[in-house]
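# Residue-level structural notes
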Amino acid sequence: MSSWFYAIGENELIDGGKMPLSLEGNKILLIRQEGVFYAISNKCPHMGCPLSRGILDGHVIKCPCHDWQFDIRDGEFLSAREIKIPVFGTKVSDGRVFVKIYGAVQ
Amino acid sequence: MKKVVMYTLSTCPWCMRAKKFFREHDIPFEYIDYDKADRETQQAIREDCLSHGEQMSFPFVKIGDDVVVGYNLNKYAQLLGL
Amino acid sequence: MRSYWVCDGEKMDTGKRKEQLKVMYQRVVDPLGYKFSPDEEIVDFLLEQEVQLEKEKGNPFCPCQGLTGERDHDMKLVCPCIPFHREHYDAMKRCWCGLFVHKSVDDPYELQQISLKDLEESKNKKKKERP
């Protein structure tokens, strides 16, 4: 069971920007890159550091604590593909960005 | 008797066990704890490890002209003829 | 760098931090096919060292490998460092310090530390043996 939740207005995030959000109790990092919105968990799976403070380079985000790098498209940890950060679906409708949250009922 | 020199870390249990092995066998040895050493010594240890094709994985044990990286009692004993 | 050692404005005691690290590490090493060593004494000792290293240096580094002060080098030694030394550790069925072993391992004392040079040499030997 999943539902779409309103996150932000499309114009609230510039390209190459990132914004931490809390949606239905999920700490989410919304990223806009090359015109596409990506939503990933804001917690590094290593020690829980907030990825929102990390550095975004293309489609790769580097955790500020220990430099673990993740692909924002599929959540994969670049040094060990078995480790992933949760990735959420996104859609833009009428200038509004929505994030798909599993296990939430609207 | 071959000279035994070790690079170790003060936090590494395998380094402690290696030291214990040499003490128990009455083998005199010298050691430097890399983490407690000054910068110059640390740099020299790093270069020595790299020159042997190794990263700084401890214990780094020199027995005569041979090098054993890691806690390996069989290799220590073999090189010392124990 | 923000320190995660301070929690709720109070310094956590070593025992609590060890337990916290254990929970976090378990989540990381499980999908990689590793588990904590069945040798509880060595696990406890190594975690204790890591907590001390975290207090001193800001991160729970591997207690058995040398730091250089260069970020690129040292960040690959923050526990669990398995992802950055996968081939080496998989060959030994353990990480260098022995905090983690392959899930299939019951007796950690059957495992040996294999030096990087020995690993490279055995790889080259295998290559030569292949027709």
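Just so it is clear, the model here is predicted, and its values are computed rather than measured.

### Digging into the overall build of chain B
When you go through chain B residue by residue, the secondary structure sums to three helices and four strands. Along the chain direction, N to C, the helices and strands of chain B fall in the order β-α-β-α-β-β-α. Radius of gyration (C-alpha) of chain B: 12 Å, near the 12 Å computed for a compact globule of 82 residues. Each principal axis of the C-alpha atoms in chain B carries an extent, and together these give about 35 × 25 × 20 Å. Of all 82 residues assigned to chain B, the portion counted as buried reaches 50%. The long-range fraction of contacts in chain B, counting pairs at least 24 apart against all pairs at least 6 apart in sequence, stands at 56%. When the accessible surface of chain B is split by element, carbon and sulfur atoms take 46% of a total near 4300 Å². For chain B, the centre of its 11 positive side-chain charges and the centre of its 12 negative side-chain charges are spaced 5 Å apart.

### Some remarks on helix H2 (residues 40–57) of chain C
Side chains three or four residues apart in an α-helix point the same way, a direct result of the helix having 3.6 residues per turn. Over its 18 residues, H2 of chain C extends 25 Å from the first C-alpha to the last, a length consistent with the 26 Å expected when each residue adds 1.5 Å. Contacts made by the buried residues of H2 of chain C are with helix H1 (13–24) of chain B together with helix H1 (14–29) and strand S3 (34–36) of chain C. You can read the cap of H2 of chain C off the contacts: a side-chain oxygen lies 3.2 Å from the backbone nitrogen of Glu41 of chain C, and it is on Asp39 of chain C. A positive backbone phi angle near 90° is found at Gly58 of chain C, which sits one or two residues after H2 of chain C.

### A word on the interface of chain C and chain A
Size of an interface, as often reported, equals the accessible area lost when the parts are brought together. The interface is formed by 20 residues belonging to chain C together with 16 residues belonging to chain A. Where chain C abuts chain A, roughly 1500 Å² becomes buried across the two surfaces, and 58% of that area is made up of carbon and sulfur atoms. The tally of links between chain C and chain A comes to two salt bridges. The partner of Arg71 of chain C in a salt bridge is Asp67 of chain A, with the nearest N and O atoms 2.6 Å apart. Summed over the shared surface of chain C and chain A, the result is six residue pairs in polar contact (both at pLDDT 80 or more). Considering each element in turn, the side of chain C that touches chain A owes the most residues, four residues, to H1 of chain C. The class makeup of the residues in the side of chain C that touches chain A is 14 nonpolar, one polar and five charged.

### Some points on empty space enclosed by the protein
Residues and elements named next belong to chain C. Taken as a whole and assessed by the stated rule, the structure comprises one cavity of 30 Å³ or more. If you add up the space inside the largest cavity, you get close to 50 Å³. Residue lining of the largest cavity: Glu50, Cys62, Cys79, Pro80, Cys81, Tyr89, Cys95, Trp96, Cys97 and Phe100, and that is the complete set.

### Some remarks on the state of the cysteines
For the structure on display, the rule yields one disulfide over all chains. One disulfide bridge connects Cys49 of chain A with Cys65 of chain A, the sulfur atoms lying 2.2 Å from each other. Measuring handedness by torsion sign, the sulfur bridge of Cys49 of chain A and Cys65 of chain A sits at about -100° and is left-handed. Note that Cys49 of chain A is positioned in the loop between strand S4 (36–41) and strand S5 (55–57) and Cys65 of chain A in the loop between strand S6 (60–62) and strand S7 (69–71), a separation of 16 residues in sequence. Note on Cys49 of chain A: relative accessible area 1%, which makes it buried. Here Cys64 of chain C stays unpaired: no disulfide links it, and the sulfur of Cys12 of chain B, its closest cysteine neighbor, is 3.6 Å away.

### Concerning the sheet that holds strand S1 (residues 2–9) of chain A
Whenever strands of a sheet pair, they do so through backbone hydrogen bonds, lying parallel or antiparallel. Residue and element names in this part refer to chain A. Strand order across the open sheet formed by three strands is S1-S12-S11, with antiparallel pairing between neighbours. Each edge of the open sheet carries a strand with a single partner, namely S1 and strand S11 (90–93). For this sheet the average axis-to-axis angle between neighbouring strands, irrespective of direction, equals 30°. Sheet analysis places S11 next to strand S12 (residues 96–102), joined by four bridges and oriented antiparallel. Among the inter-strand pairings, Ser93 is bridged to a residue of S12, identified as Arg96.

Cut-offs used in this document
Residues numbered from 1 in each chain as written. Chains lettered and ligands numbered in written order. Predicted model: local features only at pLDDT ≥ 70, side-chain atom pairs only at ≥ 80, totals over all residues. Heavy atoms only, no water. Helix = DSSP H or I, 4+ residues; strand = E, 2+ residues; numbered from the N terminus. Rg over C-alpha atoms; globule rule 2.2 N^0.38 Å. Buried < 20%, exposed > 50% of the residue type's maximum accessible area, 1.4 Å probe, protein only. Contact = heavy atoms within 4.5 Å. Areas by Shrake-Rupley, 256 points an atom, 1.4 Å probe, with all protein chains shown as cover. Lys, Arg positive; Asp, Glu negative; His and termini not counted. Charge placed at Lys NZ, Arg CZ, Asp CG, Glu CD. Expected span 1.5 Å × (residues − 1). Polar contact = N/O pair within 3.5 Å; in protein donor to acceptor, adjacent residues only side chain to side chain. Buried area = accessible area lost by both parts, 1.4 Å probe. Salt bridge = Lys/Arg side-chain N within 4 Å of Asp/Glu carboxyl O. Nonpolar A, V, L, I, M, F, W, Y, C, P; charged D, E, K, R; others polar. 1 Å grid on protein atoms, 1.4 Å probe; cavity = no way out; pocket = protein on both sides within 12 Å on 5 of 7 lines; lining within 4 Å. Points joined across faces, edges and corners; volume = space filled by probe spheres on them. Disulfide = S-S within 2.5 Å. Pairing = 2+ DSSP bridges. Axes fitted to C-alpha atoms, helices over the stretch in contact; angles between N-to-C directions.

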